[in-house]
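Residue strings, one per chain:
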Amino acid sequence: MRCQTGPGSFKAAMPTPALVLASLLALVPMTAGTAFAEHDDWHHGTALIGSPRYPANFERFDYVNPDAPKGGIARLADNGSFDTLNPILPKGDTPLGLGLMYDSLMTSALDEQSSMYGQIAEGLRFPADYSSVTFRLRPEARWHDGEPITPGDVVWSFNQAVAINPSQRFYYQHVTKAEVSGEREVTFSFDQTGNRELPHIVGQILVLPQHWWEGKGAKGKDRSIESGTLEPPLGSGAYRIKSVSPGKTIVYERVEDYWGAALPVSIGHNNLDEVRYESFLDATVEFEAFKSDIFDWRNENEAKRWATGYEFPAVRKSQVIREEFENPYRDAGVLVGFIPNLRREQFADWRVRRAINFAFDFEELKRTIFFGQYDRIDSFFYDLPLKSSGLPEGKELEILESVRDLVPEAVFTTPYTNPVAGDPQKVRANLRSAIGLLREAGYALQGNKQVHKDTGKTLDFELLLNGPTIERVALPLQLNLKKIGIEMRVRSVDTPQYINRVRSRDFDMIYTGWAQSSSPGNEQLDLWGSKAANSETSRNYAGINDAGVDALIQRVIFTKDRDELIAATRALDRVLLHNHFVIPSYTLRKARIARWDRYSHPETLPAFAIGFPEVWWWDEEKAAKVEAAR
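Conventions used here
Residues numbered from 1 in each chain as written. Predicted model: local features only at pLDDT ≥ 70, side-chain atom pairs only at ≥ 80, totals over all residues. Heavy atoms only, no water. Helix = DSSP H or I, 4+ residues; strand = E, 2+ residues; numbered from the N terminus. Rg over C-alpha atoms; globule rule 2.2 N^0.38 Å. Buried < 20%, exposed > 50% of the residue type's maximum accessible area, 1.4 Å probe, protein only. Contact = heavy atoms within 4.5 Å. Lys, Arg positive; Asp, Glu negative; His and termini not counted. Charge placed at Lys NZ, Arg CZ, Asp CG, Glu CD. Salt bridge = Lys/Arg side-chain N within 4 Å of Asp/Glu carboxyl O. Core = buried A, V, L, I, M, F, W, Y, C linked by side-chain atoms within 4.5 Å. Axes fitted to C-alpha atoms, helices over the stretch in contact; angles between N-to-C directions. Parallel < 35°, antiparallel > 145°, perpendicular 65-115°, else oblique. Nonpolar A, V, L, I, M, F, W, Y, C, P; charged D, E, K, R; others polar. Pairing = 2+ DSSP bridges. Expected span 1.5 Å × (residues − 1). Arc of directions from axis to C-beta. Polar contact = N/O pair within 3.5 Å; in protein donor to acceptor, adjacent residues only side chain to side chain. Phe/Tyr/Trp six-rings, centres within 6.5 Å; stacked < 30°, edge-to-face > 60°. Lys NZ or Arg CZ within 6 Å of the ring centre and 35° of its normal.

Caption draft 1: The overall build of the protein, seen in detail. Helix and strand counts for the protein come out as 18 helices and 25 strands. Here the C-alpha atoms of the protein give a radius of gyration of 25 Å, agreeing with the 25 Å that 2.2 N^0.38 yields for 630 residues. In terms of overall dimensions, the protein has C-alpha extents of about 75 × 65 × 50 Å along its principal axes. Classification of the 630 residues of the protein by burial places 60% in the buried group. A sequence separation of at least 24 residues applies to 73% of the contacts in the protein between residues at least 6 apart. Across the protein, the centroid of the 73 positively charged side chains sits 6 Å from that of the 85 negatively charged ones.

Caption draft 2: Looking closely at the pattern of salt bridges. On inspection of all chains with the given rule, the structure shows 44 salt bridges. Notably, a salt bridge pairs Arg598 with Asp293, separated by 2.7 Å at the nearest N-O pair. Of this pair, Arg598 sits in the loop between β23 (591-596) and β24 (599-600) while Asp293 sits in the loop between α5 (283-291) and β12 (297-299), and the two are 305 residues apart along the sequence. Accessibility classification places Arg598 together with Asp293 in one group, the buried group.

Caption draft 3: Expanded view of the nonpolar core. By size, the foremost hydrophobic cluster in this structure holds 88 residues, and its most contacted members are Phe338, Val473, Leu481, Trp528 and Leu572. It is helix α17 (residues 562-578) that provides the largest number of residues to this core, a total of 9 residues.

Caption draft 4: Molecular detail of the packing of helix α8 (residues 350-358) against helix α12 (residues 424-440). At a minimum axis distance of 8 Å, the contact between α8 and α12 shows a crossing angle of 170°. Regarding the angle of α8 to α12, the classification is roughly antiparallel. Contacts between α8 and α12 involve Trp350, Arg351, Val352, Arg354, Ala355 and Phe358 on the former and, on the latter, Asn430, Leu431, Ser433, Ala434, Leu437, Leu438 and Glu440. The residue makeup of the contact of α8 with α12, split by class, is 8 nonpolar, 2 polar and 3 charged.

Caption draft 5: Up close: the sheet that holds strand β13 (residues 320-325). Pairing within the open sheet is antiparallel, and its 3 strands lie in the order β12-β23-β13. Looking at which strands have only one partner, the edges of the open sheet turn out to be β12 and β13. The average undirected angle you get between the axes of adjacent strands in this sheet is 20°. For β12 and β23, the ladder comprises 3 bridges, and the chain directions are antiparallel. Across the sheet, Asn299 pairs through a bridge with Ile593, a residue of β23.

Caption draft 6: Broad picture of the sheet that holds strand β5 (residues 121-125). A sheet is described by the order of its strands in space; here 4 strands give the open sequence β5-β6-β8-β7, paired in antiparallel fashion. Unpaired on one side and paired on the other, β5 and β7 (175-182) mark the two borders of the sheet. In this sheet, neighbouring strand axes are inclined to one another by 20° on average, regardless of whether the strands run parallel or antiparallel. As paired strands, strand β6 (residues 132-137) and strand β8 (residues 185-190) are joined by 5 bridges and run antiparallel to one another. Of the residues in β8, the one forming a bridge with Phe135 is Val186. Where helix α1 (residues 151-164) meets the sheet, it contacts β6, β7 and β8, and its direction lies at approximately 170° from that of β7.

Caption draft 7: The arrangement of helix α13 (residues 471-483) in detail. Across its 13 residues, α13 extends 18 Å between first and last C-alpha, which sits within 8% of the 18 Å expected from 1.5 Å per residue. Of all the positions in α13, only Val473, Ala474, Leu477, Asn480 and Leu481 are classed as buried. In a view along the axis of α13, the buried residues occupy a sector of 125°, so they form one face of it. Turned more than 90 degrees from where α13 packs its buried face, Lys482 and Lys483 sit exposed. In the stretch just after α13, Gly485 is the one whose phi turns positive, near 90°.

Caption draft 8: Main features of α17. Look at α17: 24 Å from first C-alpha to last across 17 residues, which is about the 24 Å you get at 1.5 Å a residue. Judged by how many residues are buried, α17 sits mostly within the fold: 14 of 17 residues are covered. At the N-terminal end of α17, a side-chain oxygen is found 3.3 Å from the backbone nitrogen of Asp563, two or three residues along, and the residue is Asp561. Positive phi appears at His580, one or two residues downstream of α17, with a value of about 55°.

Caption draft 9: Looking closely at the side chain of Ser115. The topology assignment puts Ser115 in strand β4 (residues 115-118). A polar contact of 2.9 Å, which involves the side chain of Ser115, links it to the side chain of Glu112. Other than its neighbours up to four places away in sequence, Ser115 contacts Thr46, Ala47, Thr107, Ser108, Ala109 and His200.

Caption draft 10: Focus on unusual backbone geometry. In this chain, Phe612 is followed by Pro613 through a cis amide linkage whose omega measures 0°. Among the secondary structure elements, Pro613 is positioned in the loop between β24 and β25 (617-618). Of note in the backbone geometry, Tyr130 takes a positive phi value of approximately 60° without being a glycine. Among the secondary structure elements, Tyr130 is positioned in the loop between β5 and β6. A relative accessible area of 6% means that Tyr130 is categorised as buried. Its identity as a non-glycine residue notwithstanding, Phe371 has a phi of 55°, on the positive side.

Caption draft 11: Looking closely at the side chain of Thr569. Inspection of the secondary structure puts Thr569 in helix α17. Classification of Thr569 as buried rests on a relative accessible area of 0%. For Thr569, the contacting residues outside a window of four places in its chain are Phe381, Leu386, Pro520 and Val556.

Caption draft 12: Layout of the environment of Phe295. By secondary structure assignment, the location of Phe295 is in the loop between α5 and β12. According to the relative accessible area criterion, Phe295 is buried, its value standing at 1%. Setting aside chain neighbours within four positions, we find Phe295 in contact with Arg75, Leu76, Ala77, Phe280, Glu286, Ala289, Phe290 and Trp596.

Caption draft 13: View of the pairing of strand β11 (residues 274-280). The buried fraction of β11 is high, at 6 of 7 residues. In the sheet, strand β2 (residues 73-79) pairs with β11 via 7 bridges, with the strands oriented parallel. Pairing of Ala77 across the sheet is with Glu278, part of β11. The pairing of strand β10 (residues 249-254) with β11 spans 5 bridges and is antiparallel.

Caption draft 14: Structural context of the packing of aromatic side chains. Per the counting criterion, the structure on display carries 38 aromatic pairs. Centre to centre, the rings of Tyr54 and Phe58 are 5.2 Å apart; their planes meet at 40°, and the pair counts as tilted. Note on accessibility: Tyr54 and Phe58 belong to one class, buried. Pairing Phe287 with Phe312 gives two aromatic rings, centres 6.3 Å apart and planes at 75°, and the pair type is edge-to-face. Here the residue Phe287 occupies a position in helix α5, and Phe312 occupies one in the loop between α6 (303-308) and α7 (313-316), the gap between them amounting to 25 residues. Here the two residues Phe287 and Phe312 agree in accessibility, since each one is buried. Ring pairs connect the aromatic residues Tyr54, Phe58, Phe61, Tyr63 and Tyr117, which therefore count as one cluster. For the cation-ring pair, Arg322 lies above Trp306, with the distance from its terminal atom to the ring centre recorded as 4.1 Å.

See the structure below:
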């Protein structure tokens, strides 16, 4: 699974607290269940659940307007800054929108759960054992300078990505070789068989122009793919960089002679002449900028602001439209919460982690500051059919029995639930339960501190936050923890410092989360796998290193059909929950969008995305009305 933070994004930031869900907009799901005619035939697309919806001769996706006018601009906000335009470096911050510049071998449809169709590649094929995959490139595929996109570019791009970026190296760890295998063909070989996801995920590889990166810049200096750069790079996609103000603004312009404009996957897309991102480091300043018509589109991440902050004149005059969309969440699960660093001694015992959950009073937060808008998360695959519930049975129970010695016994005897509070009596009962767990873990109250009887160390830690947004959620937890002798210090830092500290695992606890698709697969290794626990670039922020979890991830990856995938994922979910690796928080299953009313969209939006700005367009009549009402 590859998850981005916005349209065409390569943003290198960690998920911001309440904006984790925004990252679901670009989910590309993938796992078992691929259906094809014959394995060795050439195919126009792949589907990992059932078969591709669109046939080989399809003209366009159903959700687009093929007659959408071209023109206008989309002005968007970037929560953070950027310091490089190199899309594959493991460090440094890239701007939002960089993905608009690049095509990949395959691209996804926004109205299917797990499909990809040819973009740079016109077809793919692979043997019945999934030991390799071959892509055949389109002869018309071109870089923006007119040079052809070659199999050599694909091989070079893959080799550079896995050599330079540890995260990519881990993600593609089972790809043993990429090689030119024909005039327009490139083949990837794998070190295992039976993994149906591998042919799919290599189709997502970011293809870069070898000749540009190995050439010289405007000042005659050799370029290096291993270094950061603010020189606008050469791309192949529907947009190129028009202008850059480092760390502040980046503007993309539509490529008039874009080579892929007539492809079925492009019809009705890329309708705006310009896409502009302005960077903001402060959430309040960003909102005021939106109100002042500095940018057009806002995904609101604060319940109070959504409920009370949109009473300004432009809303009353209908210049600004507020709307909630379920589309991005129909095929997307999520876990957001407080993530303890298991590499820290104080979090090694699950009872300590569970005790912290008993101190989290979600119900009071929902009543007082959430305006009733959120629900508590109780799954690592929340709101998907993959979510575990009740007690295991059937195929799920069979899978869990196979790892019984490696997982908590409670998996078989006790359904997972979060503590429920919301009134003083329930809070007191929960805190008593927390104290009992701490006592079992070897702690005892000495004065007003929890002190471990063997080590003499007090139970205290720092919660590191990416900005102040979540402070209002963290401070009540801090107060409840103090009542039972735990000191939690809350520290908010700017995004670059937050990213650097998380990457280096220099934290006790953070607040962030993970998006999930309805078809989990190899990415689970990066999220929870033991090999990823000590990798700075992995998303295993907690440092989970558990044999039972590892075994269940393998069951997920190598499932034979959809029913087995659901059972294996529910088993994995159940074991993750019963280990109490995360203190789950809350979510809203809608995108709260405010926009200046200058755009129109197809009558029916794609089932699993809002599609802005990809398939929306500038509406001259609406834009004129907005200006007239100013």
